[in-house]
Amino acid sequence: LELGRALRRLGRYEEAEAAFERTNNLRPSWWVGYYRMSFVFIDKGEYEAAANRFRRKTELAPENAVGFNNLGSLLKYLDRQEDAQAMFLRSIEIEPNADAYSNLGTLAFEDARFGDAAGFFNKAVELDPDKYGLWGNLASAYHWGGDLNRAQTAYARALLLGEKRLESRPLDVDLHATLAGYFGMVGEHARGME
């Protein structure tokens with residue numbers, strides 16, 4: 001298992017796959033080898049194979065909410081939205097979690113069901129209130145759903161949390177870009193350009 005992890009980090013995907021396959025042969029009822037192998041397939045762009053390994057993880061560890069989130073995210077990427085939604089709902093059934101609610105919010109947002117999206121993002125921020133991205137997603141759902149007052153409040157919270165995060169990650173380009181967008185949404189264009 002550790003050899004497979006090291007080989008994956010080195011980009012030696014075929015060898016990593018072989019190491020994880022050996023792990024799975026030695027312990028076929030242990031989910032960890034299948035889980036780690038999934039990421040090798042993602043790195044190689046073999047998404048169906050990755051989904052099959054995540055699916056195997058959910059079979060071996062049906063009480064693990066994260067496995068259903070992983071599988072749902074990959075199915076969403078493969079444009080299998082209904083299957084993805086079923087996985088996220090199963091994850092929440094096992095253990096309510098911000099990631100699954102956020103993913104459901106994203107599915108609803110992409111379908112222009114902004115009220116539903118806001119409901120899911122609200123659940124996500126209730127469970128994990130310190131993530132700026134969740135607040136930003138909630139703000140966007142409110143904005144595009146026409147609830148501009150709530151959007152402004154949620155963007156303000158996203159900015160507060162994002163700027164706090166920036167203190168420990170001042171070179172995080174994605175965070176800077178995200179905060180620039182949030183500043184634009186609250187009308188602080190100069191701050192966004194900065």
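You'll find the structure just up there.
Criteria and thresholds
Residues numbered from 1 in each chain as written. Predicted model: local features only at pLDDT ≥ 70, side-chain atom pairs only at ≥ 80, totals over all residues. Heavy atoms only, no water. Helix = DSSP H or I, 4+ residues; strand = E, 2+ residues; numbered from the N terminus. Contact = heavy atoms within 4.5 Å. Areas by Shrake-Rupley, 256 points an atom, 1.4 Å probe, with all protein chains shown as cover. Lys, Arg positive; Asp, Glu negative; His and termini not counted. Charge placed at Lys NZ, Arg CZ, Asp CG, Glu CD. Expected span 1.5 Å × (residues − 1). Buried < 20%, exposed > 50% of the residue type's maximum accessible area, 1.4 Å probe, protein only. Arc of directions from axis to C-beta. Axes fitted to C-alpha atoms, helices over the stretch in contact; angles between N-to-C directions. Parallel < 35°, antiparallel > 145°, perpendicular 65-115°, else oblique. Left-handed = near helix turned anticlockwise from the far one by under 90°. Nonpolar A, V, L, I, M, F, W, Y, C, P; charged D, E, K, R; others polar. Core = buried A, V, L, I, M, F, W, Y, C linked by side-chain atoms within 4.5 Å. Phe/Tyr/Trp six-rings, centres within 6.5 Å; stacked < 30°, edge-to-face > 60°. Lys NZ or Arg CZ within 6 Å of the ring centre and 35° of its normal. Polar contact = N/O pair within 3.5 Å; in protein donor to acceptor, adjacent residues only side chain to side chain.

### Describing the overall build of the protein chain
Logical step 1: Along the backbone of the protein chain there are 12 helices and zero strands.
Logical step 2: In the protein chain, the order of α-helices and β-strands from amino to carboxyl end is α-α-α-α-α-α-α-α-α-α-α-α.
Logical step 3: Judged by the C-alpha coordinates and their principal axes, the protein chain covers about 55 × 35 × 25 Å.
Logical step 4: Residue pairs in contact within the protein chain that sit at least 24 positions apart in sequence constitute 41% of those at least 6 positions apart.
Logical step 5: On the protein chain, roughly 10800 Å² of surface is accessible, and the fraction owed to carbon and sulfur atoms is 51%.
Logical step 6: Of note, the protein chain has its 24 positive side-chain charges centred 6 Å away from the centre of its 29 negative side-chain charges.

### Considerations on helix α6 (residues 81–94)
Logical step 1: For α6, built from 14 residues, the straight-helix expectation of 20 Å at 1.5 Å per residue is met to within 8% by its first-to-last C-alpha distance of 20 Å.
Logical step 2: What α6 keeps buried is the set Ala84, Met87, Phe88, Ser91 and Ile92. Projected down its long axis, α6 carries its buried residues within an arc of 140°, all on one side. Facing away from the buried side of α6, by more than 90 degrees, are the exposed residues Glu82 and Glu93.
Logical step 3: The secondary structure elements touched by the buried residues of α6 are α5 (65–77) and α7 (98–110).

### What about the packing of helix α1 (residues 2–9) against helix α3 (residues 31–44)?
Logical step 1: Interhelical geometry of α1 versus α3 gives an angle of 20° and a closest axis separation of 10 Å. Relative to α3, the element α1 is oriented roughly parallel. Taken as a pair, α1 and α3 cross one another with a handedness that is left-handed. For the pair α1 and α3, contact is made by Glu2, Arg5 and Arg8 and by Arg36, Phe39, Val40 and Asp43, respectively.
Logical step 2: Tallied by class, the residues present in the contact of α1 with α3 amount to two nonpolar, no polar and five charged.

### Notes on the nonpolar core
Logical step 1: In this structure, Trp135 and Leu138 are the most contacted members of the largest nonpolar core, which totals 48 residues.
Logical step 2: Per-element tally for this core: the top contributor is helix α10 (residues 148–168), with seven residues.

### Focus on the packing of aromatic side chains
How two aromatic rings sit relative to each other is set out by the distance from centre to centre and by the angle between their planes.
Logical step 1: On inspection of all chains with the given rule, the structure shows seven aromatic pairs.
Logical step 2: A ring pair is formed by Trp31 and Tyr35, whose centres lie 5.7 Å apart and whose planes are at 75°; its orientation type is edge-to-face. One end of the pair, Trp31, and the other, Tyr35, are both in helix α3, four residues apart, so they sit about a helical turn from each other.
Logical step 3: Positioned above the aromatic ring of Trp30, the side-chain terminus of Arg27 is 5.6 Å from the ring centre.
Logical step 4: Here Arg90 stacks its cationic end above the ring of Phe68, 5.6 Å away from the centre of that ring.

### Notes on unusual backbone geometry
Logical step 1: Despite not being glycine, Asp79 has its phi angle at roughly 65°, a positive value.
Logical step 2: Tracing the sequence through the fold places Asp79 in the loop between α5 and α6.
Logical step 3: Positive phi values are uncommon outside glycine, yet Ala112 reaches one of about 60°.

### A closer look at helix α11 (residues 173–185)
Logical step 1: The terminal C-alpha atoms of α11, which comprises 13 residues, lie 19 Å apart, in line with the 18 Å expected from a rise of 1.5 Å per residue.
Logical step 2: Burial in α11 covers these residues: Leu175, Leu179, Tyr182 and Phe183. Relative to the axis of α11, the buried residues are bounded by an arc of 100° and lie together on one face. Opposite the buried face of α11, at more than 90 degrees from it, the exposed residues are Val173, Asp174 and Ala177.
Logical step 3: On its buried side, α11 packs onto α9 (132–144), α10 and α12 (189–193).
Logical step 4: In this structure Asp172 caps α11, since a side-chain oxygen of it lies 3.1 Å from the backbone nitrogen of Asp174.

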